[in-house]
Amino acid sequence: MKSAHPERELEHVLAHRKSLIERFQSEIAFARKLAVLEGESAAHWAALIDKAVEAFEPVASGSLEAAGKALADAEAIMAPIGEAAKQHTVHCVGHGHIDMNWMWGWPETVAVTNDTFTTVLKLMDEFPTFKYTQSQASVYEIARVHNPEQFERIKARVKEGRWEVAASHWVEGDKNLASGESLTRHLLYTRAFFLVHFGLKPEDVVIDWSPDTFGHAHSLPTIDSRGGVKRYYLCRGGDTYNPPLFWWVGPDGARILAYRDIRWYNSAIEPNMADALLEFREATGLKDYMQMYGVGDHGGGPTRRDLRRCLDMNAWPIFPNFRFAVTNDFFSIAEANGDSIPEIRRELNYEFSGCYTSQSEIKKNNRHGENACAEAEVCATLAHVAAGKPYPGAALRNAWVDVLFSHFHDILPGSGVRDTRTFNQGMYQQVAAITGQVKTQALRALAAAVDTSFAGERDKTEVPPKQEAFGLGGGAGRNAGDGGLSDFGPVVDGPRPVVVFNPTAWQRDEVVRATVWDAQSGISPGDVKKKTFVVKRPDGSTVAAQRVGSGDYWGHQFVDVVFPASVGPMAYSAYSIEEGDAAASEPGVTVTAEAEGKDHVNLPAGLIAMENEFLRVEFDKLSGGVSQLLDKRTGVNLASPAEPLGVLEFVQERPQGGSAWILGAPKSVVCPLELASFGVGSAGQWSTDIADNSPHVATVTAKGVIRGSHFTVTYQLKADQPWLEITVDVRWVEIGTPETGIPKLNMRFPVALSALKPSYEIPFGKVDRDAMNGRDVPGLRWMDVRNETAGLGILNDSKYGHSLKENVARITLIRSTYSPDPIPEVGDHVIRMAVYPHAADAAVGDLVRAGAAFNHPLLSVATDVHEGALPAVLASAVASQTPGVIVTQIKVAEDGDGVIFRLQETDGADAKANVQVDAALFGELASAVEVDLLERAMAGGTASPASTGFTVSVPASGIASVRARLKAR
């Protein structure tokens, strides 16, 4: 009987024959390559291979039955080779690479996750031996929230052992641009999620899955190893060769076993995996090889074709074993051969240097979000231990998780579409709202417990109703838009106490800003613009408050003032702002503005300069840049009139495919930019009127236009501060295109020193690098250049791309990339930087403190006059007495039992840290236990309580965490 579909029968025959030929050719190719590796012991294999070819090839084009028999005969001839072949195994690890909001928005990310997991669960039903590995806590959270029934099925497969959780971090995040503290939270919150929902302990998930991450900071082994991670999976290991299997050793000596995939994470199961196995064996000596497979980056995962191919090839007798596997199957074998695995002690960079600067709004949101979460924890912890305010652990966890989500390697690097950016902006606003309220409520609670009675009583003179301020003085919510503290003022008139808090764990002597509301209604009604203010200290001494701004805000008038504050480590100081004049005193900063002319005509005749106890700064009138930066402590000038420092540079890059990822070569450069105005004060007009530029803050301003964009560069020198602040405020309207290229704005820092060696902050550490002829490299809050004479630290509040070419350091501020987001940068940008001269032998810890202080300004909160249980000044709350060790963070433990202290060693030497805590604030310590980043006691922990704190050993260039339990009060 004839077939109803002969064309299908023919197609089937041809496909079957093709598969037989592919099988034989793959076996022969593998046998030949295996013979080379086996050497003399396989010398006789060549004859067997030739004989097998003779047996099969003449018959291969015949009938299927004949071809099948010939294949069996040929494989029988090569049976001795088959025995050796089956000593090798390809561990096939199925995975679905799901990019968070890369070329699509959040709704599609949710849909992709749901569909991928639906597919995987169905395949598990069809193929009983199939196993699957899935990373990223974020995708499990998507299933939990959006498909609870699916989530329960996943949990069942995990319990069965066929679905491996490979998520130790919330997302597959960027590992160069995230802060050290953020990386600890990936570990902490991800581990907690899987313990609660899956019953998985950290020991059950020991891999950091980072295949597509664009580079890896050297401190990752240090951080990961203290969070229960022992293994690391990557594909992108930078532009320096790395073996496929190596022990990755951090600066402190901690190590994790790293596997660099020599193929790729989105592979399909094919016979060429056998070639990769032999390549891997040649590099490592191992006969076991791990290969990820599955459709991605838009999810999908393993296919039926993959699974059938695996089962089919496993049955080929002259071929390796092909096994459905999870990562633990392979790593357990590799670890048993650990003594033969080489070590690497360096960062694994570089990949896409454009990603250090693309999408500046996302990068700013990340830095400010990280800063806000850290500050909120410090404030909430102090309010909890000192004033009994409940600790908002759930709110803080939610804020941190939103920050962590945006670490994904296509979000934080800026390589996503417009929806990526808008979703990030919405998440950041939520983070800012949560942390802003946590800080505000915590500090107001603390301020309410601080004794401010030194300010004196309010004047009893009745305020005329027409002048009385609305409500409690107005200002509700002002300055809180970016997650800051509202400068709300609860006092209508008279003394206005403010309590200034230090969110860092070292002494800070700096200028702080505060706001006076509705001063027109006080005991001396009148024009608020003509009033002067003084600041009273608890000891009764006063200092003039410098006005730096005034205006109207939704029915209220305000005056912004600054004054010098001295605040101890994670402590506070109270002050009172009052109307009046202070006795004349030596200004903390002075301004020189030489001009000639009379009446209202003043022409620049010569010098414009600022000076405080640390620095003397002179300016170039053409560029607005710094022509002299004299460090008065060392006597070294770090700037030159020939090449002013702190000058904007406009670059047009040539068109470049993948503009968000890859920097284009310069097509044109404009530097310096043409200025419309330059001078003393915030207006930038040349003037000898310097009344508003002393005694605490001096300002010089340059304004100009480049193409269609307007910019203002503000240089500020403050009393008691060893760095010059530079703020760039720009309305940027430049757009990149494939025809014209990429407009870019840099800040240029020519340093008047030679033979400079650069270093950069990385998560919980620093790295020294070669200058690399101006190549952009990643760094966090600071870069540093120095030689045997002196050095210059360059601080920033939101930038990550740095470079050094000869003596010129640069920070990339804005790049108008055009793909995949066509218009990512149009809008208003405010970027803060600072130059920090120092001695040639300045400690790394000094730079860490400077970068942290610049990113975490002193916090002031208004209160009223009242008596309180806490003193007006707290000298110190938490401080390290060991110079090379810094307390970087405090928080209430996740289980509420005690306070967690995070410490970082910066001198590169093992240290026994001595941390002091204030007994009046914290009470007496009941115990001190060294814990890992998951807040579990460490075996062999070195912490012990002392009379006023605790001690703990911190490894060189490493970190440590301590849980201090407090006695009940």
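Structure: above.
Every value quoted in this text rests on a predicted model; they were computed, and no experiment measured them.

Sorry, what's going on with the overall build of the protein chain here?
Along the protein chain, the regular secondary structure elements total 17 helices and 46 strands. Its C-alpha atoms give the protein chain a radius of gyration of 32 Å, near enough to 30 Å, the size a compact globule of 969 residues would have. Split into buried and exposed, the 969 residues of the protein chain put 60% on the buried side. Across the protein chain, the fraction of contacts at a sequence separation of at least 24, relative to all contacts at a separation of at least 6, is 73%. Approximately 36100 Å² of the protein chain is accessible, and the part contributed by carbon and sulfur atoms is 52%. Distance between charge centres in the protein chain, computed from 93 positive and 120 negative side chains, equals 3 Å.

Looking at this structure, I do not really get the packing of helix α6 (residues 137–146) against helix α8 (residues 180–198). What am I missing?
A pair of packed helices can be characterised by two numbers: the angle between their axes and the separation between those axes. Close contact between α6 and α8 brings their axes to 11 Å; oriented N to C, the two are set at 40°. Compared by their axis directions, α6 and α8 come out oblique. Classified by chirality, the crossing of α8 by α6 is left-handed. Side by side, α6 and α8 meet where A137, Y140, E141 and R144 of the first sit next to T190, F193, F194, H197 and F198 of the second. Taken together, the residues of the contact of α6 with α8 sort by class into five nonpolar, two polar and two charged.

Where do I start with the sheet that holds strand β34 (residues 801–805) in this structure?
Whenever strands of a sheet pair, they do so through backbone hydrogen bonds, lying parallel or antiparallel. Read from one edge to the other, the open sheet built from six strands follows the order β23-β22-β28-β35-β34-β31, with strand pairing classed as antiparallel. The open sheet has two edge strands, β23 (666–670) and β31 (777–778), and neither has a second partner.

Hey, could you run me through the packing of aromatic side chains in this one?
What the rule picks out here adds up to 40 aromatic pairs. With 5.3 Å between their ring centres and 75° between their planes, F117 and W163 make a pair best called edge-to-face. With a gap of 46 residues between them, F117 in helix α5 (residues 106–126) and W163 in strand β3 (residues 163–165) connect regions that are remote in the sequence. The pair formed by F117 and W163 is uniform in burial state, with each residue classed as buried. Both rings, one in Y140 and one in F198, keep their centres 5.7 Å apart while their planes meet at 85°; by these two values the pair is edge-to-face. Remark: F198 occurs in helix α8 and Y140 occurs in helix α6; sequence separation between them is 58 residues. The burial state of Y140 is the same as that of F198; both residues are buried. Pairwise contacts between aromatic rings join F117, F130, Y132, Y140, F151, W163, W170, F193, F194, F198 and F324 into one cluster. Between R255 and the ring centre of W247, over which it is positioned, the NZ or CZ distance is 3.9 Å. Sitting over the face of the ring of Y800, R367 holds its NZ or CZ atom 4.6 Å from the ring centroid.

Looking at this structure, I do not really get the nonpolar core. What am I missing?
Burial of nonpolar side chains together is a common tendency in soluble globular proteins. One finds F130, Y140 and W163 to be the most contacted residues of the largest nonpolar core, which totals 112 residues. Contact partners of F130, with chain neighbours within four places excluded, come to V120, L123, M124, R162, Y293, P302, L307 and F324. With 82 residues, the next largest nonpolar core counts Y350, L412, V589 and Y800 among its residues.

How should the environment of N266 be read in this particular structure?
Relative to the helices and strands, N266 resides in the loop between β7 (255–260) and α10 (273–284). When its relative accessible area of 24% is taken as the criterion, N266 is described as partly exposed. A C-alpha to C-alpha distance of 7.3 Å links N266 and H97, two positions 169 residues apart in sequence. With near-sequence residues (within four places) excluded, N266 lies in contact with H97, G294, V295, G296 and D297. Of note is the side chain of N266, whose polar atom sits 3.4 Å from the backbone oxygen of G296. A distance of 2.9 Å separates a polar atom in the side chain of N266 from a polar atom in the side chain of D297.

Hey, could you run me through the sheet that holds strand β29 (residues 757–762) in this one?
Read from one edge to the other, the open sheet built from nine strands follows the order β24-β25-β26-β27-β36-β33-β32-β29-β30, with strand pairing classed as antiparallel. Strands at the two margins of the open sheet, each flanked by one partner only, are β24 (675–680) and β30 (765–768). Here the average twist between neighbouring strands, direction ignored, is 15°. As judged from the seven bridges shared by strand β33 (residues 790–796) and strand β36 (residues 827–839), these two strands associate in the antiparallel manner. Paired with G793 across the two strands is Y836, which belongs to β36. Taken strand by strand, helix α16 (residues 844–855) contacts β27 (724–732), β30, β32 (782–786), β33 and β36, and its axis lies near 150° from that of β36.

What is the right way to look at unusual backbone geometry in this model?
Outside of glycine, negative phi angles account for most residues, and trans bonds account for most peptide bonds. Residue N349 is joined to Y350 through a cis peptide bond whose omega torsion reads 10°. Mapped onto the secondary structure, Y350 falls in the loop between β10 (343–344) and α13 (360–387). Each neighbour pair has its own omega, and for C671 with P672 the value is 0°, a cis peptide bond. Position of P672 relative to the elements: it lies in the loop between β23 and β24. Positive phi, normally seen in glycine, also occurs at A755, with a value near 50°. Considering the arrangement of structural elements, one finds A755 in the loop between β28 (742–750) and β29. The backbone phi angle of E935 is positive, close to 70°, even though this residue is not glycine. As for its placement among the helices and strands, E935 is situated in the loop between β43 (925–931) and β44 (944–946).

Explanation requested: the packing of helix α14 (residues 393–405) against helix α15 (residues 418–449) in the structure shown.
Taken N-terminus to C-terminus, the directions of α14 and α15 make an angle of 150°; their axes are 9 Å apart at the nearest point. Classified by the angle between their axes, α14 and α15 sit roughly antiparallel to one another. Our pair here, α14 against α15, has a crossing hand that is left-handed. Contact with α14, carried on its side by A395, L396, A399, D402, V403 and F405, involves F423, M427, Q430, V431, I434, T435 and V438 of α15 and no other residues of that element. Classifying every residue of the contact of α14 with α15 by side-chain character gives ten nonpolar, two polar and one charged.

What counts and what doesn't
Residues numbered from 1 in each chain as written. Predicted model: local features only at pLDDT ≥ 70, side-chain atom pairs only at ≥ 80, totals over all residues. Heavy atoms only, no water. Helix = DSSP H or I, 4+ residues; strand = E, 2+ residues; numbered from the N terminus. Rg over C-alpha atoms; globule rule 2.2 N^0.38 Å. Buried < 20%, exposed > 50% of the residue type's maximum accessible area, 1.4 Å probe, protein only. Contact = heavy atoms within 4.5 Å. Areas by Shrake-Rupley, 256 points an atom, 1.4 Å probe, with all protein chains shown as cover. Lys, Arg positive; Asp, Glu negative; His and termini not counted. Charge placed at Lys NZ, Arg CZ, Asp CG, Glu CD. Axes fitted to C-alpha atoms, helices over the stretch in contact; angles between N-to-C directions. Parallel < 35°, antiparallel > 145°, perpendicular 65-115°, else oblique. Left-handed = near helix turned anticlockwise from the far one by under 90°. Nonpolar A, V, L, I, M, F, W, Y, C, P; charged D, E, K, R; others polar. Pairing = 2+ DSSP bridges. Phe/Tyr/Trp six-rings, centres within 6.5 Å; stacked < 30°, edge-to-face > 60°. Lys NZ or Arg CZ within 6 Å of the ring centre and 35° of its normal. Core = buried A, V, L, I, M, F, W, Y, C linked by side-chain atoms within 4.5 Å. Polar contact = N/O pair within 3.5 Å; in protein donor to acceptor, adjacent residues only side chain to side chain.

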